[in-house]
Each structure stands twice: as C-alpha cells, then as structure tokens.
Amino acid sequence: MSTSQNRPAKPSGVRAPKQERSQRSFELVLDTTLELLAEKGYQGFSLTEVSRRSKVSVGAIYTRVDGKDAILRAAQERFQELLSAEHRELVRGDRWEGKPLAGLLPELVGEFARLLQRRGRVLGAFMQLGAVDETVARVGKAGYFDLRDRFTALLLERRDEIRHPDPERAVRACFVTVYATLARAMALDVAAEAAEAAGSDSGDLSDLIEDLGGMALSFLRCEAPAGN
C-alpha cells in the first residue's frame, strides 16, 4: 500500500558500516540510543551514556556519525521501521477478517493505544526533538502519515458499514482524533520527567480508550453529521 507522503532520504552525517561485525556494533549503538530515550527522554540523552551501555567507545561511534544529532536521526529511522512493522501487523487485513465494523473499531483503537503505550516514550522524545530539528520533524510527519493511511485503509474495507456521507474524510478524522487524544493523555509531547511527574491513572486511560472507540464508531455510523 502506498502512503500519501514519500519516505525521507537517509539521515546525513551517518556513515553506514560495510562489514558485518561493524554493522552489528552500530545496530547495538542505535538500540541503546532508543533504550536510553525510552528511559530518560531527549533531555537525558548523551553519547557518553550510550557508549557506556553499549560498550562501544565514543571514538568508534564518531567513526559512524558526525555527532549527537546524526545518531539521533539514525536512531529515529530505526525506530520508525520498528513502529511501522508493529503497526503493519496490527492492521493486517486477515487478522480482522469477518469482523464487522462494530467489533473491529473499538478493538483496533485499544490495540493502537497499547502500541503507543509500548513505544510512546521514544516517540515522545522524537516529537520533542522535532520541535527544534527540521529533519526529525519531517521523518516524524512521514511516519504519522504512514500510520494514518494504514489505519484508515483497514476501516475503509468496511465502507458499506459506514453511514457518514464522506467515508474517507470520516475515517481520517477518526484517526486524527484518536491519535491526538491518546498522545495528549499519555503526555508524549512533554519531557520524560514532566510526564512522569504528571502521571496517568490507568483506570482513566482505560475508560478513555473505551470511550474513543465508541465515539469513533458512532461518528462513522452517523448519517447526517452536524454542520453538513
């Protein structure tokens, strides 16, 4: 399936290793970068800590990247691949085969929320970095459109069950609302320390996820939305 946005070019300032051993070492550095971002967010990230945890010297890291910005961009590319792979599995057509819209949509929203919970700390770190890094923002936007297009394509397979007069617009609105609401509830766009201090009540989040699924379903089955 094609998306509405082209994939961005490979990040600049990164020199991909050619030998298998060097490639494994660099992948370990990227995985460690994502691990550190998940724990401490963008503000707590440092190459020194990546080097300590991965047991790859800072000097060796600098043979592959020009600096902190470059390694974060390379790690973002790896993260987007992981996130996209999980999301493709989530919206795989045969997984939902035979399930009507009324059963599919609330469950899909719940599964999508759990995906954001698993990957949210890292996604949030890149959202924060994207506010000051145009390249990171562009990659993040492309990733967002990829999620949106796969989510909406699955719903449009039940087009005959959608009563909204503009199904394409309606399913896009559902995704935008679900994504934005969950991102705000999970505080993905604030620093890790602030998000942890704010906390989130798991019961409230569960209720919110259930309500989002119900509201999205009602919207898609509404024949005459207000204002149309």
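These numbers were taken from a predicted model, which means no experiment stands behind them.

Here we look at the overall build of the chain
Here's step 1: From N to C terminus, the chain includes nine helices and zero strands.
Here's step 2: Listing the helices and strands of the chain from first to last along the sequence gives α-α-α-α-α-α-α-α-α.
Here's step 3: Every one of the 228 residues in the chain was classed for burial, and the buried ones make up 43%.
Here's step 4: Once local pairs closer than 6 in sequence are excluded, the contacts in the chain between residues at least 24 apart make up 76%.

Here we look at unusual backbone geometry
Most peptide bonds are trans, and most residues other than glycine sit at a negative phi.
Here's step 1: The phi angle at lysine 55 is positive, at roughly 60 degrees, despite the residue not being glycine.
Here's step 2: With respect to the helices and strands, the residue lysine 55 is situated in the loop between helix H2 (47–54) and helix H3 (58–62).
Here's step 3: Although it is not a glycine, alanine 187 sits at a positive phi angle of roughly 55 degrees.
Here's step 4: Take alanine 187: it is sitting in the loop between helix H7 (167–185) and helix H8 (192–198).
Here's step 5: On the accessibility criterion, alanine 187 (16% relative accessible area) is buried.

Structural notes on the packing of aromatic side chains
Here's step 1: Taken as a whole, this structure holds nine aromatic pairs when the rule is applied.
Here's step 2: Aromatic side chains phenylalanine 112 and phenylalanine 151 sit 5.9 Å apart centroid to centroid with 65 degrees between the ring planes, which places their arrangement in the edge-to-face category. A residue pair is termed long-range when its members are at least 10 positions apart, and phenylalanine 112 in helix H5 (residues 101–130) and phenylalanine 151 in helix H6 (residues 134–156) qualify at 39 residues. There is no split in this pair, since phenylalanine 112 and phenylalanine 151 are both buried.
Here's step 3: Seen from their ring centres, tyrosine 144 and phenylalanine 175 are 5.5 Å apart, and the 55 degrees between their planes marks the pair as tilted. In this pair, tyrosine 144 is assigned in helix H6 and phenylalanine 175 in helix H7, connecting sequence segments 31 residues apart.

Some thoughts on H5
Every α-helical turn comprises 3.6 residues, leaving residues that sit three or four positions apart pointing alike.
Here's step 1: For H5, which comprises 30 residues, the first-to-last C-alpha distance of 35 Å sits more than 12% below the rise-based estimate of 44 Å (1.5 Å per residue).
Here's step 2: Largest kink in H5: about 65 degrees, centred on glycine 120.

Thoughts on the packing of helix H1 (residues 20–40) against H2
Here's step 1: Where H1 meets H2, the axes come as close as 9 Å, and the angle between the chain directions of the two elements is 120 degrees. One element, H1, and the other, H2, form an angle in the oblique class. Handedness of the crossing formed by H1 with H2: right-handed. Across the interface between the two elements, Leu28, Val29, Thr32, Thr33, Glu35, Leu36, Glu39 and Lys40 from H1 touch Glu49, Val50, Arg53 and Ser54 from H2.
Here's step 2: For the contact of H1 with H2, the residue count by class is four nonpolar, three polar and five charged.

Considerations on a negative patch on the surface
Here's step 1: Together, Asp204, Asp207, Glu210 and Asp211 make up a negatively charged patch on the protein surface.
Here's step 2: Tracing the sequence through the fold places aspartate 211 in helix H9 (residues 202–220).
Here's step 3: Using a relative accessible area of 45% as the deciding quantity, one classes aspartate 211 as partly exposed.

A short note on H7
Here's step 1: Spanning 19 residues, H7 covers 27 Å between terminal C-alpha atoms, matching the ideal 27 Å at 1.5 Å per step.
Here's step 2: When H7 is considered as a whole, its buried residues turn out to be Pro167, Ala170, Val171, Cys174, Phe175, Val178, Tyr179, Leu182 and Ala183.
Here's step 3: Of the residues trailing H7, alanine 187 is marked for its positive phi of about 55 degrees.

Some thoughts on the confidence of the model for the chain
Here's step 1: Taken as a whole, the chain shows an average pLDDT of 87; of its residues, 86% reach a score of 70 or greater.
Here's step 2: Contacts for the low-pLDDT stretch residues 1–8, under 50 throughout, to residues beyond four places or in other chains number 16 contacts.

Re the pattern of salt bridges
Here's step 1: Under the criterion given, the structure shown has 17 salt bridges.
Here's step 2: Note that arginine 73 is salt-bridged to aspartate 133, the shortest N-O span being 2.9 Å. Of the two residues, arginine 73 is situated in helix H4 (residues 68–90) and aspartate 133 in the loop between H5 and H6; the sequence distance between them amounts to 60 residues.
Here's step 3: Ionic pairing is found between aspartate 149 and arginine 148, a salt bridge with its closest N-O pair at 3.0 Å.

Remarks on the packing of H5 against H6
Here's step 1: With their axes 12 Å apart at the nearest point, H5 and H6 run at an angle of 175 degrees to one another. On the basis of their axis angle, the class for H5 and H6 is roughly antiparallel. Together, Leu101, Leu104, Leu105, Leu108, Phe112, Phe126, Leu129 and Gly130 of H5 and Val136, Ala137, Leu147, Phe151, Leu154 and Leu155 of H6 make up the contact between the two elements.
Here's step 2: Looking at the contact of H5 with H6 residue by residue, the classes come out as 13 nonpolar, one polar and no charged.

Definitions and cut-offs
- All chains use their own residue numbering, which begins from 1 and follows the written sequence.
- Restriction of local features to residues with pLDDT of at least 70 applies here, the model being predicted, together with a cutoff of 80 or more for giving and counting side-chain atom pairs; totals for whole chains, interfaces and linings are based on all residues.
- Neither water nor hydrogens contribute to the side-chain values; these are computed over all heavy atoms in the structure.
- For helices the rule is a DSSP run of H or I covering at least 4 residues; for strands it is a run of E covering at least 2, with both sets numbered from the N terminus onward.
- Remark: exposure states derive from per-residue accessible area (1.4 Å probe, protein chains only) relative to the maximum for the residue type, with buried under 20%, exposed over 50%, and partly exposed in between.
- Note on contacts: a residue pair qualifies if any of its non-hydrogen atoms lie within 4.5 Å across the two residues.
- Pairing of aromatic side chains requires ring centres within 6.5 Å, counting the rings of Phe and Tyr and the six-membered ring of Trp. Pairs whose planes differ by under 30 degrees are stacked, by over 60 edge-to-face, and all others tilted.
- Here the expected length of a helix is defined as 1.5 Å per residue gap, with one fewer gap than residues.
- For a residue, the bend is simply the angle between two axes, fitted respectively to the seven-residue segment ending there and the seven-residue segment starting there.
- Helix axes are fitted only over the stretch in contact, all axes being lines through C-alpha atoms; the angle between N-to-C directions runs from 0 to 180 degrees.
- The scheme is simple: roughly parallel for angles under 35 degrees, roughly antiparallel for over 145, roughly perpendicular for 65 to 115, oblique for anything else.
- Note on convention: near helix rotated counterclockwise from far helix by under a right angle means a left-handed crossing. Clockwise means right-handed.
- Amino acids are sorted into nonpolar (Ala, Val, Leu, Ile, Met, Phe, Trp, Tyr, Cys and Pro), charged (Asp, Glu, Lys and Arg) and polar (every other residue, Gly among them).
- To count toward a patch, a residue needs a relative accessible area over 30% and no salt bridge; like charges are then connected within 9 Å, while nonpolar side chains (Val, Leu, Ile, Met, Phe, Trp, Tyr) are connected within 5 Å.
- A 1.4 Å probe and the Shrake-Rupley method give the accessible areas. Residues count as covered only by the protein chains that appear here.
- Any Lys or Arg side-chain nitrogen located within 4 Å of an Asp or Glu carboxyl oxygen qualifies as a salt bridge.
- Charged residues are defined narrowly, with Lys and Arg counted positive, Asp and Glu counted negative, and His plus the chain ends left uncounted.
- Charged groups are reduced to one reference atom each: NZ for lysine, CZ for arginine, CG for aspartic acid, CD for glutamic acid.
- pLDDT expresses, on a scale from 0 to 100, how confident the predictor is about each individual residue.

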